[in-house]
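Descriptive structure summary
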Amino acid sequence: MKLPQNRGPVTYMLWADMLAYPSDCPLTATGGSVRQALRTSEDILYDEDLQLALFCLYELHGSGVNGVDDRWEWDPGLLEVRHQIESAFEARLRRGTTELFGPEGQAPRSAEEVADRLSALTAGAKGPTVTDFVGREANTDQVREFLVHQSVRQLKESDPHCWSVPRLTGRPKAALMDLQTDGYGSGQPHRVRAERFAAVMVSLGLDTGFGAYLEWMPALSLAAVNMMSMFGLNRRLRGAAAGQLAIDEIGSLLPHAAYAEGLRRLGLPPVDEVPDVADAAVEQAEVGAVHGWAAGRDLAGGLVEQDPSLADDVFFGAASACLMDQLLGRWQLEAWHAGRSSLRRPLPSAFVPRGGQHGPATEVGLPA
């Protein structure tokens, strides 16, 4: 992944440090800029500078960053910088989930009860969703923006959840491996979910390179990905990682059905190995319906049965996923209803799919 343009004093100083060798940079000034930014940030979920910094710090544990020495991954000073941002991010998610769903009640006693409660979280969302809008009325530009918001998360597939594999045993480990195996195509590269998502991007003239649209993605889109990385990288949050993955699987049926409806409405043409990209979305919805209950019962529920002390974190992870989906969906809908781009700047124009609608997005200024 290319190192993106900085978005403020934290990323400006952090990039300068990371482009040198770890032994040459004490990170004293960078640490001070992080502390200052955390003191003055109005809301870390919407903070362009801090979320981009956290995203790139996490990516050192993933695909890496071009020009950045791999030894930075475990540099103690850089880990401390990450910890400062991460702690504030986690605290904000905990406040937000409590405000949205209230404090947790009595802990569930069985895996089935855990699955029922997780299903209730997804059913509790009120009002129109961004996928409803995509299905019924979004124009081509808006669908392209929707894909860009999702691109980093979808092209990573379930990579952050792989960190949980050695931290689980028995029933939840088997359930996680079943979900991961399907997500990675069960040995068939063309069936990898990330590849099928990339095919839809191609059909709309979008670049499928990982991180190709970082410059366009607002802080809130990055925060949704950072949440997954934080849960996956921290062993103490393995319950939250299980809850987040379970809620994604449980809640995938209706969004993917609406998403498929929008793709068909826009008349997307056949793409490479995917004869009909809308069919690919429908298939993913059907798979999600099958896996959703198993993820809630066997992964999240099985983990709680093994270790009841993890119940609060399981529901924290699930509630955080719901919170980020609601906030990001609201962000997109408010922008589109106001006639402007939901990204930091509109995307370059694309061709019009057959039978599709194409409407220009209004230029918006980039945040300072």
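Keep in mind that what you see is a predicted model, and the values were worked out from it rather than measured.

With that settled, consider the overall build of the protein chain. When you go through the protein chain residue by residue, the secondary structure sums to 15 helices and zero strands. Burial statistics for the protein chain: of 368 residues in total, 56% are counted as buried. Counting only contacts in the protein chain whose residues sit at least 6 apart along the sequence, the fraction spanning at least 24 positions is 79%.

Here we take up the environment of Tyr 46. With respect to the secondary-structure elements, Tyr 46 resides in the loop between α2 (28-40) and α3 (48-59). For the pair Tyr 46 and Ala 219, spaced 173 residues apart in the sequence, the C-alpha separation amounts to 5.1 Å. Excluding its chain neighbours within four sequence positions, the residues that come into contact with Tyr 46 are Ala 219, Leu 220, Leu 327 and Trp 331.

In the contact formed by helix α12 (residues 238-250) and helix α15 (residues 311-337), the axes pass within 6 Å of each other and the chain directions differ by 45 degrees. Between α12 and α15, the crossing angle belongs to the class labelled oblique. Considering how the two elements wind past one another, α12 and α15 form a crossing that is right-handed. Here Gly 239, Ala 240, Gly 243, Gln 244, Ile 247 and Asp 248 of α12 lie close against α15, whose contacting residues are Asp 313, Val 314, Phe 316, Gly 317, Ala 318, Ala 321 and Cys 322. The class makeup of the residues in the contact of α12 with α15 is seven nonpolar, four polar and two charged.

The next subject is the environment of Asp 313. Here Asp 313 shows up in helix α15. Residue class for Asp 313 comes out buried when judged on its relative accessible area of 15%. Counting along the chain gives 82 residues from Asp 313 to Phe 231, while the straight-line C-alpha distance between them is 9.9 Å. Apart from the residues within four sequence positions on either side, Asp 313 is in contact with Arg 94, Arg 236, Leu 237, Gly 239 and Ala 240.

Scoring rules and cut-offs
- Residues numbered from 1 in each chain as written.
- Predicted model: local features only at pLDDT ≥ 70, side-chain atom pairs only at ≥ 80, totals over all residues.
- Heavy atoms only, no water.
- Helix = DSSP H or I, 4+ residues; strand = E, 2+ residues; numbered from the N terminus.
- Buried < 20%, exposed > 50% of the residue type's maximum accessible area, 1.4 Å probe, protein only.
- Contact = heavy atoms within 4.5 Å.
- Axes fitted to C-alpha atoms, helices over the stretch in contact; angles between N-to-C directions.
- Parallel < 35°, antiparallel > 145°, perpendicular 65-115°, else oblique.
- Left-handed = near helix turned anticlockwise from the far one by under 90°.
- Nonpolar A, V, L, I, M, F, W, Y, C, P; charged D, E, K, R; others polar.

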